[in-house]
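A closer look at the structure
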Amino acid sequence: MDLLSRLNLEQQAAVEHGKGPALILAGAGSGKTRVITYRIAYLIRNAASRPENILAVTFTNKAADEMRQRVHGLLGPVRPAEPLISTFHSFCVRLLRREIHRIGYKPDFSIYDSDDQRRLVKRVLQELGKPQSVFQPGRTLSRISYAKSHSVPPASYAGQFPAVDAEDISLIYSRYNARLRSANSLDFDDLLLKAVEILHSFPERRDRYSDQFRYILVDEYQDTNVPQYNLLRLLTSRHDNLFVVGDEDQSIYKFRGATIRNILSFERDFPGARIIKLEQNYRSTKTILDVASAVVRNNTERKEKALWTRNRPGEAATCCRALSPRKEAAWVVGRIGSLLEDNPDLRLAILYRANFLSRNFEDVLLERGIPYAVVGSVAFFGRMEIKDMLAYLRVIFNPEDDVALLRIINTPARGIGATTVELLTRAALDKGIPVSRVLGEFAGDAQLAGRSHRALRRFRQQLEAWMAERDGAGVADVLRGVLEGTAYADMLRRQESSPEAESRIANIEELVRAAEEAEERGETVFEFLDRASLASELDHLDPKARVSLMTVHSAKGLEFDVVFLAGMEEGLFPHALSSSSTEELEEERRLCYVGITRAKERLFLSWTPFRRTFGRDLDGPASPSRFFDEMPFQLLQGWDAAGGFLEEDEEEYEDGQSDQEAEAPVPLKSGRPAAGRDTQDPPRNMQELRAYIQTTQAAGSAAGGRALRPGVRVRHAQFGDGIILKRERSGNDFKLTITFSRVGKKTLIERYARLKVL
DNA sequence: GATTTACGCCTTTTT
DNA sequence: GGCGTAAATC
């Protein structure tokens, strides 16, 4: 097969690029992955490089798997050696398992996931007597992680990130690191930092790896952070065959330390770099591309590029303003149902800004019996019972892993209560040794007697027995031994109603099976544990699932025939917590761009003014996302002249059923109406809707082109100035509830009120 | 030490 | 509104 014939000129140039650095600026859908995989195949096919001299780095395991498969597809699966296609993190783990002894760790280190990290931060806060009310574990942790992902050590924290409590954070950060160190454990950020440290401190190792990986290819380069950049620099010290592919418009991980600087200053960092732009989009219809481009064009921090396509125009994006999250879901799922009826092979996705939105969609999909796959919310490896089992494994293979030990020390309950645990950790802290050592000392102290010491002794014996068996037996056998020795299943049955317990037991069985399969593949325990630690739910995405639910972040790099972007309202998308600065807003906008450009054929956008976040009302109804305003309205179906959107869910409203539990009146916060908000009273059915359009158009002309909607400020000849709270139908007229600053709340008939919009 | 109750936090995105 | 942790009680 001629590799180059299936590529356009720019793609060919990229694939054929010889030695030296190259930056491929590749717009969405322009064949990024294609270029990387073809280049790998090209290098091998043309004997420019031996497979084992090639390293391709991605961000997710899913992307790595896909790349591997595509390379196999191009070259055929049987080769004497494989190119190494890996994520940043798993590449580092591989390196560290071999090299970390050089900086004083043992090769059997544990990897802490975010849950383990949280537990550790909490412990540190307790040790230091810092109140968790002030230093919320989650936030504190994210500040530590932010520092790490900028390669900022505790000592320079306060200098780098000034804040009133910077000294406190610095101290917590430093203690947190010390605890990790003594537990012979690394968190996600450490994987990169320690790999960099080793390559930096041991030039001989650096040269060795740099020699081996003579060709390095990086996907999604715009999302690399400082440690990742440093790693690439070290790995290219003996050559500069660094080939990176990226798109600054798709940079969405700034919050995690990704720095767009890496892409913007690539030419300076790697002199003589060749730059190739891929601007032809092969994925989406012209309409979808135009909508996406129109949005992202509003960013100032970007290189202007002209993404174009030969694809057909396609249909306009369809918009929906729903009266509740539930109805939004009903609309989306209704559309999905009929799309699938027409074409059962479609792949569809519901994308949203935040995970908690998945719930309504799941409910409705379940009710309608449409199979779906959710990505992200509860990962298999994140389940309590799986984490417990893995914690046992971690302790058995790395007894110094304090967090794992403390997790299982009394799970299932074995008589080692809080007081005893406190005693153990206090002693460990005082002596600066891992908890397991203290456990050994306490249990071995014949002086001590009593119930809790008997429990400690029994637990230590059990641990030792497992550890004695661990090397002879496989992981699966060790797991079975743990299950049996702890009667874990009995605990589950005691704790929960039977269906939950049985499903947890089934999960554990699945884990044991996975361990067996790993053994058959010849994996070591650590390879198994590493995979469990680095696995994300994204990796379990079933390619056969017709409907996938996930956050926009998770969707990066994926494509679907049809995309539903849900929750498109102010406060959620852009998120309220990311709307304070232009920088944050630009990241939200890029996120929106990523979401839209996942769609090949059709795009649907939905929002609701009445989303409630955990029980509490928001401050009044939400407005549609500002990103709507940035889209060309002629490319949006359902765009209403009054500036709102047509309700699209005819069935739901014409059968009248769901209208009974009618929506609460516009929940404006009393006393402080949301002035200036672009909201309106929801029509409840098609008649109201038609009437609504008529009157808003009529009222629009009567009131100087502005519609009478809740939130709008008006002036009345007698009552003075006020704000419209509610607008509802009353016979052939509309009744307005208005709160006037002078006379309070009044109800008026729109036709006679002669209001002037302010 | 275990079980029950109350309180508070959370929901921005993730390897 | 739901979950996990901390205090209160058995």
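Quick caveat: nothing in here was measured; it's all calculated off a predicted structure.

Quick look at the packing of helix α5 (residues 114-128) against helix α6 (residues 137-148)
Relative orientation of the contacting elements α5 and α6 amounts to 105 degrees, with a least axis distance of 9 Å. On the basis of the axis angle, α5 is roughly perpendicular to α6. Counting all contacts with α5, which are made through S114, Q117, R118, V121, K122 and L125, the residues of α6 involved are P137, G138, T140 and L141. For the contact of α5 with α6, a count of residues per class yields four nonpolar, four polar and two charged.

Focus: the environment of R274
Assignment of secondary structure puts R274 in strand β8 (residues 274-278). Looking at R274, the relative accessible area reads 37%, which means it is partly exposed. Note: C-alpha distance between R274 and H17 (257 residues apart in sequence) is 8.6 Å. What R274 contacts, discounting residues up to four positions off in sequence, is A13, H17, P21, A22 and L23.

Thoughts on the confidence of the model for chain A
Summing up the model confidence of chain A, the mean pLDDT is 81 and the portion of residues at 70 or higher is 83%. Averaged over each element, pLDDT in chain A is lowest for helix α29 (residues 650-654) (40) and highest for strand β6 (residues 215-218) (96). Low pLDDT, under 50, characterises residues 649-706; the predicted model gives this stretch 105 contacts beyond four residues in sequence or across chains.

Details of the environment of E484
Inspection of the secondary structure assignment puts E484 in helix α22 (residues 475-486). The exposure class of E484 is exposed, given its relative accessible area of 69%. With 197 residues separating them in the primary sequence, E484 and T287 have C-alpha atoms 60 Å apart.

Things to note about the nonpolar core
M389, L390, L393, F459 and F528 are the most contacted members of the largest nonpolar core, which totals 47 residues. With nine residues, helix α17 (residues 384-397) is the largest single contributor of residues to this core. Leave out the neighbours within four places in its chain, and F528 touches L390, L393, V475, L511, A514, A515, A518 and E523. In terms of nonpolar packing, the next biggest core, distinct from the first, is built from 42 residues, V57, L96, L192 and V196 among them.

With respect to the protein's contact with DNA strand B
Neighbouring DNA strand B are 29 residues; Q136, R353, T420, H575 and L577 lie closest to it. Of everything in DNA strand B that lies within 4 Å of the protein, sugar and phosphate atoms constitute 58%. Between F59 and DNA strand B, the recorded distance is 3.1 Å, taken from a backbone N or O atom to a sugar or linking oxygen. Of all the elements in the fold, those that place two or more residues in the surface near DNA strand B are α19 (418-431), α21 (451-470) and α26 (552-555).

Quick word on the sheet that holds strand β15 (residues 560-565)
If you trace the seven strands from one edge of the open sheet to the other, you get β13-β14-β12-β15-β16-β11-β17, paired in parallel fashion. For this open sheet the edge positions go to β13 (372-374) and β17 (636-637), each flanked by a neighbour on one side alone. Examined bridge by bridge, β13 and strand β14 (residues 547-551) share three bridges and lie parallel to one another. Counted as the bridge partner of A373 is S548 from β14. Sheet contacts for helix α15 (residues 325-342): β11 (317-321), β12 (348-352), β14, β15 and β16 (599-607); angle to β16, the most-contacted strand, approximately 155 degrees. Along the sheet face, helix α27 (residues 582-596) touches β12, β15 and β16 and points at about 140 degrees away from the line of β15.

Quick look at the packing of aromatic side chains
Per the counting criterion, the structure on display carries 15 aromatic pairs. Aromatic pair Y221 and F266: ring centres 5.7 Å apart, planes at 85 degrees, arrangement edge-to-face. On the criterion of sequence distance, the pair formed by Y221 in the loop between β6 and α11 (226-235) and F266 in helix α13 (residues 266-269) is long-range, its members being 45 residues apart. Looking at F266, the relative accessible area reads 0%, which means it is buried.

Some words on helix α8 (residues 166-182)
The terminal C-alpha atoms of α8, which comprises 17 residues, lie 24 Å apart, in line with the 24 Å expected from a rise of 1.5 Å per residue. Along α8, the residues classified as buried are A166, I169, S170, I172, Y173, Y176, R179 and L180.

What to know about the sheet that holds strand β2 (residues 54-58)
One open sheet holds the six strands; their spatial order is β3-β2-β6-β7-β1-β8, and the pairing between them is parallel. The open sheet has two free edges, formed respectively by β3 (84-87) and β8, since each of these has just one partner strand. This sheet shows a mean twist of 15 degrees between the axes of neighbouring strands, independent of strand direction. As paired elements, β6 and strand β7 (residues 242-246) share three bridges and run parallel to each other. By the bridge assignment for β7, I216 is matched with L242. The sheet contacts of helix α2 (residues 32-45) involve β1 (22-26), β2, β3, β6, β7 and β8, and relative to β6 the element is tilted by about 170 degrees.

Thoughts on the packing of α17 against α22
The interhelical angle for the contact between α17 and α22, taken along N-to-C directions, is 110 degrees, at an axis separation of 10 Å. Here α22 runs roughly perpendicular to α17, going by the angle between their axes. You can see that α17 and α22 cross each other, and the crossing is right-handed. For the pair α17 and α22, the contacting residues are M389, Y392, L393 and I396 in the first and V475, V478, L479, V482, L483 and T486 in the second. The residue inventory of the contact of α17 with α22, partitioned by class, reads nine nonpolar, one polar and no charged.

Notes on the pairing of β3
Burial of β3 is two-sided: the residues L84 and S86 facing one way and the residues I85 and T87 facing the other way are all buried. For β2 and β3, the ladder comprises four bridges, and the chain directions are parallel. When the sheet's bridge partners are listed, L55 is paired in β3 with L84.

Section: unusual backbone geometry
The peptide bond linking F573 to P574 adopts the cis configuration, its omega dihedral lying at 5 degrees. Relative to the elements of secondary structure, P574 occurs in the loop between β15 and α27. With a phi angle near 50 degrees, E220 is a residue other than glycine that sits in the positive phi range. For E220, the position within the fold is in the loop between β6 and α11. Within the chain, A487 stands out as a residue other than glycine whose phi angle is a positive 55 degrees. Residue position: A487 is located in the loop between α22 and α23 (488-495). A relative accessible area of 29% means that A487 is categorised as partly exposed.

A few points about helix α10 (residues 203-212)
Taken residue by residue, α10 has R205, Y209 and S210 as its buried positions. Down the axis of α10, the buried set is contained in an arc of 130 degrees. They therefore lie on one face. Those residues of α10 hidden inside the fold are in contact with α4 (88-99), α9 (188-201) and α11.

Regarding the side chain of R414
Counting through the fold element by element, R414 comes out in the loop between α18 (402-408) and α19. This buried residue, R414, is left without a salt bridge; D388 holds the nearest opposite charge, at 9.8 Å. Of note is the side chain of R414, whose polar atom sits 2.8 Å from the backbone oxygen of I408. Of the polar contacts made by the side chain of R414, one reaches the backbone oxygen of I409; its length is 2.8 Å. Beyond its immediate sequence surroundings of up to four residues, R414 is in contact with Y392, I408, I409, A455, F459, Q462 and T486.

Focus on the side chain of S86
With respect to the secondary-structure elements, S86 resides in strand β3. The buried category is assigned to S86, whose relative accessible area is 5%. A distance of 3.1 Å separates polar atoms of two side chains, one belonging to S86 and the other to S90. Residues in contact with S86, not counting those within four places in the same chain, are A56, V57, T58, A64 and F91.

Rules of the game
- Residues numbered from 1 in each chain as written.
- Chains lettered and ligands numbered in written order.
- Predicted model: local features only at pLDDT ≥ 70, side-chain atom pairs only at ≥ 80, totals over all residues.
- Heavy atoms only, no water.
- Axes fitted to C-alpha atoms, helices over the stretch in contact; angles between N-to-C directions.
- Helix = DSSP H or I, 4+ residues; strand = E, 2+ residues; numbered from the N terminus.
- Parallel < 35°, antiparallel > 145°, perpendicular 65-115°, else oblique.
- Contact = heavy atoms within 4.5 Å.
- Nonpolar A, V, L, I, M, F, W, Y, C, P; charged D, E, K, R; others polar.
- Buried < 20%, exposed > 50% of the residue type's maximum accessible area, 1.4 Å probe, protein only.
- pLDDT = per-residue confidence, 0-100.
- Core = buried A, V, L, I, M, F, W, Y, C linked by side-chain atoms within 4.5 Å.
- Near = heavy atom within 4 Å.
- Polar contact = N/O pair within 3.5 Å; in protein donor to acceptor, adjacent residues only side chain to side chain.
- Pairing = 2+ DSSP bridges.
- Phe/Tyr/Trp six-rings, centres within 6.5 Å; stacked < 30°, edge-to-face > 60°.
- Expected span 1.5 Å × (residues − 1).
- Left-handed = near helix turned anticlockwise from the far one by under 90°.
- Arc of directions from axis to C-beta.
- Lys, Arg positive; Asp, Glu negative; His and termini not counted.
- Salt bridge = Lys/Arg side-chain N within 4 Å of Asp/Glu carboxyl O.

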